[in-house]
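Descriptive analysis of the structure
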Amino acid sequence: MIKHFVRALRAPFLTASILPFVFGSLIIKRSFNLAGFILGLFAVAFTHLSANLINDYADSLSGADDGDKRFYPFFGGSKLIQENILSESFYFNAAVFCAFMAFLSVMLLALILKSAFVLLAYILILLLSWQYSAKPLRFSYHYLGEVFIFILFGPALVMGGYYIQSGIFPDLRSFMLSLPPGFITAALLFANEVPDFMSDQKVKKNNWVRFTTLNKAYLIYIGLVLLGISSVIAGVLLKYTGIFSLLSLLLLFPAVKAAGILKDGRFDKMRLSVSSAITIKMQAAISLILILGSII
């Protein structure tokens, strides 16, 4: 049963949120607020898990995950509802519980920092994370999923970690340094949307794949990756990060491979799983490179 809970939570994807937050927390070179960091980390993890759960719940209600009931590790949902292993009510209740745990962490964080801004900002982030797939806004159904994933996994995490340590918001440096993980995570989402495109269209779930259809979807993927790498270069030129961060250029090689799969294997979901796996490793790698760059 534990493996079902892990699958429902999609826990392995937590690196996509935790690493950018850690990076944002290490940008500033001054005394480190360990208590604030730990509470922020709890809030990030529980919010991400809550969003994963409500996403499966909402996509089950809309029928988006019913088209192909086979489970794939990186896209299409956990499929536990479709396999009659867990219920929709379990997903909803678990999502509420994770959101509650995150909210408690943020309340304690607000008390430590003596900042009501933290609480208000978090409420907005939580609402956006749920409205990615849940009614009434359902951003991922109206061409806005990629935009809000970029915001939530880039600026919100990096600038949030930076604010906890510095008390400064907004801040140009932390914003610029939030762009690489934001763009690469948007590329990951896009790679995961390609195999689900036909099923999504049946329930009117519209994303950026529709702009090019499957034939040229790889071009948008390449564009998002190039934006991510270019923002690293911009950060180095502006002296917001060190030259070590240019190791991110090496990620262009796996990106070309992933784009090739999106181009030539666009109807083969097993091959597309490889493209998604490559991209999530790229997202972790660029965050780790930036973290090491900030330490060095």
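This one's a predicted model, so the numbers in the text were calculated from it and none came from an experiment.

**Here's the deal with the pattern of salt bridges**
Taken as a whole, this structure holds four salt bridges when the rule is applied. Salt-bridge contacts for arginine 7 lead to glutamate 83; the nearest nitrogen and oxygen are separated by 2.7 Å. With a gap of 76 residues between them, arginine 7 in helix α1 (residues 2–9) and glutamate 83 in the loop between α3 (34–62) and α4 (88–113) connect regions that are remote in the sequence.

**Points about helix α11 (residues 217–237)**
Its 21 residues give α11 an end-to-end C-alpha distance of 31 Å, which sits within 8% of 30 Å, the value for a rise of 1.5 Å per residue. Regarding α11, the residues found buried are Ala217, Tyr218, Ile220, Tyr221, Leu224, Val225, Gly228, Ile229, Ser231, Val232, Gly235 and Val236. For α11, the secondary structure elements touched by its buried residues are α8 (172–193), α10 (209–212), α12 (252–264) and α13 (269–295). Downstream of α11 by a residue or two, lysine 239 has a phi angle that is positive, lying close to 65 degrees.

**What to know about the side chain of serine 273**
Structurally, serine 273 can be placed in helix α13. Residue classification places serine 273 among the buried residues on the basis of a relative accessible area of 8%. Apart from the residues within four sequence positions on either side, serine 273 is in contact with Tyr72, Pro73, Phe74 and Phe75.

**Side note on the environment of serine 199**
Among the secondary structure elements, serine 199 is positioned in helix α9 (residues 197–202). According to the relative accessible area criterion, serine 199 is buried, its value standing at 13%. Serine 199 sits 134 residues away from aspartate 65 along the chain, and the two C-alpha atoms are 7.5 Å apart.

**Remarks on the layout of surface pockets**
Approximately 160 Å³ is the volume attributed to the second largest pocket. Lining the second largest pocket are Ile54, Tyr57, Ala58, Leu61, Ser62, Phe92, Trp130, Gln131, Ser133, Ala134, Lys135 and Arg138. Looking at the lining of the second largest pocket, the elements that each hand over two or more residues are α3 and α5 (116–131).

Rules used throughout
- Within each chain, residues carry numbers counting from 1 in the order of the written sequence.
- With pLDDT at 70 or above as the cut-off, local features in this predicted model cover only qualifying residues; side-chain atom pairs require 80 or more to be listed or tallied, and sums for whole chains, interfaces and linings still use all residues.
- Side-chain calculation: all heavy atoms of the structure are included, whereas hydrogens and water are not.
- Salt bridge, as used here, is a side-chain nitrogen of Lys or Arg placed within 4 Å of a carboxyl oxygen of Asp or Glu.
- Numbering of helices and strands starts at the N terminus; helices are DSSP runs of H or I of at least 4 residues and strands are runs of E of at least 2.
- Given the number of residues in a helix, its expected span is that number minus one, multiplied by 1.5 Å.
- Buried residues are those whose accessible area, probed at 1.4 Å on protein chains only, stays under 20% of the maximum for their type, while exposed residues exceed 50% and partly exposed ones sit between those limits.
- We call two residues in contact when some of their heavy atoms are within 4.5 Å.
- Throughout, the protein atoms alone are placed on a 1 Å grid, and a set of points is a cavity if a 1.4 Å probe fits but cannot get out or a pocket if it is open with protein on both sides within 12 Å along at least five of seven lines; lining residues have an atom within 4 Å of a point.
- Grid points are joined across faces, edges and corners, and a volume is the space filled by probe spheres set on the points.

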